[in-house]
Amino acid sequence: MDFSVLTGREVEVLLLLASGEQNRRLARHLGIAERTVRAHTASIVRKLDLKSRFEAAIVAHLYADEITGGRESAPPGAVAA
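Let us look at the structure shown here. (Residues numbered from 1 in each chain as written. Predicted model: local features only at pLDDT ≥ 70, side-chain atom pairs only at ≥ 80, totals over all residues. Heavy atoms only, no water.)

Helices and strands together make up the secondary structure of the chain, namely five helices and zero strands. At a minimum sequence separation of 6, the contacts of the chain that also span at least 24 residues come to 61%. Summed over all atoms, the accessible surface of the chain reaches about 4,900 Å², with 49% contributed by carbon and sulfur. (Helix = DSSP H or I, 4+ residues; strand = E, 2+ residues; numbered from the N terminus. Contact = heavy atoms within 4.5 Å. Areas by Shrake-Rupley, 256 points an atom, 1.4 Å probe, with all protein chains shown as cover.)

Below you can see the structure in the form of C-alpha coordinates.
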(Lines give C-alpha, C1' and ligand atoms only; values in the text may rest on other atoms or scores of the structure.)
Protein backbone atom coordinates (compact mmCIF):
# COMPACT_ATOMS: atom_id res chain seq x y z
CA MET A 1 0.00 0.00 0.00
CA ASP A 2 1.41 3.41 -0.96
CA PHE A 3 1.04 5.71 2.05
CA SER A 4 3.19 8.37 0.39
CA VAL A 5 0.08 9.65 -1.43
CA LEU A 6 -1.28 10.94 1.90
CA THR A 7 -0.65 14.41 3.26
CA GLY A 8 0.89 14.83 6.69
CA ARG A 9 -2.50 15.62 8.23
CA GLU A 10 -4.09 12.62 6.53
CA VAL A 11 -1.37 10.42 8.04
CA GLU A 12 -2.18 11.87 11.48
CA VAL A 13 -5.89 11.20 10.98
CA LEU A 14 -5.26 7.70 9.64
CA LEU A 15 -3.13 6.74 12.63
CA LEU A 16 -5.71 8.14 15.03
CA LEU A 17 -8.49 6.20 13.30
CA ALA A 18 -6.89 3.05 14.70
CA SER A 19 -7.79 4.25 18.19
CA GLY A 20 -11.48 3.72 17.40
CA GLU A 21 -12.45 7.18 18.65
CA GLN A 22 -15.33 9.09 17.11
CA ASN A 23 -14.69 11.96 14.69
CA ARG A 24 -15.62 14.51 17.35
CA ARG A 25 -12.85 13.31 19.69
CA LEU A 26 -10.33 13.07 16.86
CA ALA A 27 -11.20 16.64 15.85
CA ARG A 28 -10.68 17.90 19.40
CA HIS A 29 -7.38 16.05 19.66
CA LEU A 30 -6.14 17.56 16.38
CA GLY A 31 -7.63 21.02 16.97
CA ILE A 32 -9.69 20.92 13.78
CA ALA A 33 -13.40 20.77 12.93
CA GLU A 34 -15.25 17.47 12.93
CA ARG A 35 -16.22 18.17 9.33
CA THR A 36 -12.52 18.41 8.45
CA VAL A 37 -11.85 15.02 10.05
CA ARG A 38 -14.64 13.56 7.89
CA ALA A 39 -13.11 15.17 4.79
CA HIS A 40 -9.66 13.79 5.61
CA THR A 41 -11.14 10.36 6.28
CA ALA A 42 -12.97 10.36 2.95
CA SER A 43 -9.77 11.41 1.20
CA ILE A 44 -7.78 8.64 2.93
CA VAL A 45 -10.36 6.01 1.95
CA ARG A 46 -10.31 7.24 -1.67
CA LYS A 47 -6.52 7.57 -1.99
CA LEU A 48 -5.84 4.14 -0.49
CA ASP A 49 -8.70 2.54 -2.45
CA LEU A 50 -10.41 1.32 0.70
CA LYS A 51 -14.10 0.65 1.25
CA SER A 52 -14.74 2.33 4.58
CA ARG A 53 -13.44 4.21 7.60
CA PHE A 54 -13.44 0.88 9.43
CA GLU A 55 -11.14 -0.64 6.83
CA ALA A 56 -8.89 2.44 7.11
CA ALA A 57 -8.69 1.93 10.88
CA ILE A 58 -7.67 -1.69 10.40
CA VAL A 59 -5.01 -0.70 7.85
CA ALA A 60 -3.73 1.96 10.27
CA HIS A 61 -3.43 -0.59 13.04
CA LEU A 62 -1.71 -3.21 10.89
CA TYR A 63 0.67 -0.86 9.07
CA ALA A 64 1.39 1.83 11.68
CA ASP A 65 5.18 1.46 11.38
CA GLU A 66 5.08 1.60 7.59
CA ILE A 67 2.70 4.58 7.63
CA THR A 68 4.98 6.62 9.86
CA GLY A 69 7.85 5.75 7.54
CA GLY A 70 10.37 5.81 10.36
CA ARG A 71 9.23 9.23 11.60
CA GLU A 72 9.95 9.88 15.25
CA SER A 73 6.65 8.49 16.58
CA ALA A 74 2.95 8.10 15.96
CA PRO A 75 0.59 10.77 17.26
CA PRO A 76 -0.63 10.30 20.83
CA GLY A 77 -3.56 7.95 20.93
CA ALA A 78 -2.48 6.04 17.83
CA VAL A 79 -2.19 2.31 18.17
CA ALA A 80 1.14 0.86 17.11
CA ALA A 81 1.20 -2.43 15.23
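By the definition in use, this model includes five salt bridges. In this structure, Arg-9 engages Glu-12 in a salt bridge whose closest nitrogen and oxygen atoms are separated by 3.4 Å. One end of the pair is Arg-9 and the other is Glu-12, both in helix 1 (residues 8–17) and three residues apart, which spans about a single turn. You can call Glu-12 partly exposed: its relative accessible area is 29%. A salt bridge links Arg-38 to Glu-34, with the shortest nitrogen-to-oxygen separation between them at 3.7 Å. Highlighted residues: Arg-38 and Glu-34, both in helix 3 (residues 34–47), separated by four residues, approximately one helical turn. Linked through salt bridges whose partners overlap, the residues forming this network are Arg-24, Glu-34 and Arg-38. (Salt bridge = Lys/Arg side-chain N within 4 Å of Asp/Glu carboxyl O. Buried < 20%, exposed > 50% of the residue type's maximum accessible area, 1.4 Å probe, protein only.)

Time to look at the environment of Ala-27. For Ala-27, the location among the structural elements is in helix 2 (residues 23–30). On the basis of relative accessible area, Ala-27 is assigned to the buried category, the value being 5%. Spatially, the C-alpha atoms of Ala-27 and Arg-38 are 9.2 Å apart, while their sequence positions differ by 11 residues.

Attention now goes to the side chain of Thr-41. Relative to the helices and strands, Thr-41 is located in helix 3. Beyond its immediate sequence surroundings of up to four residues, Thr-41 is in contact with Val-13, Leu-17 and Arg-53.

Taken by themselves, the reported measurements are silent on function.
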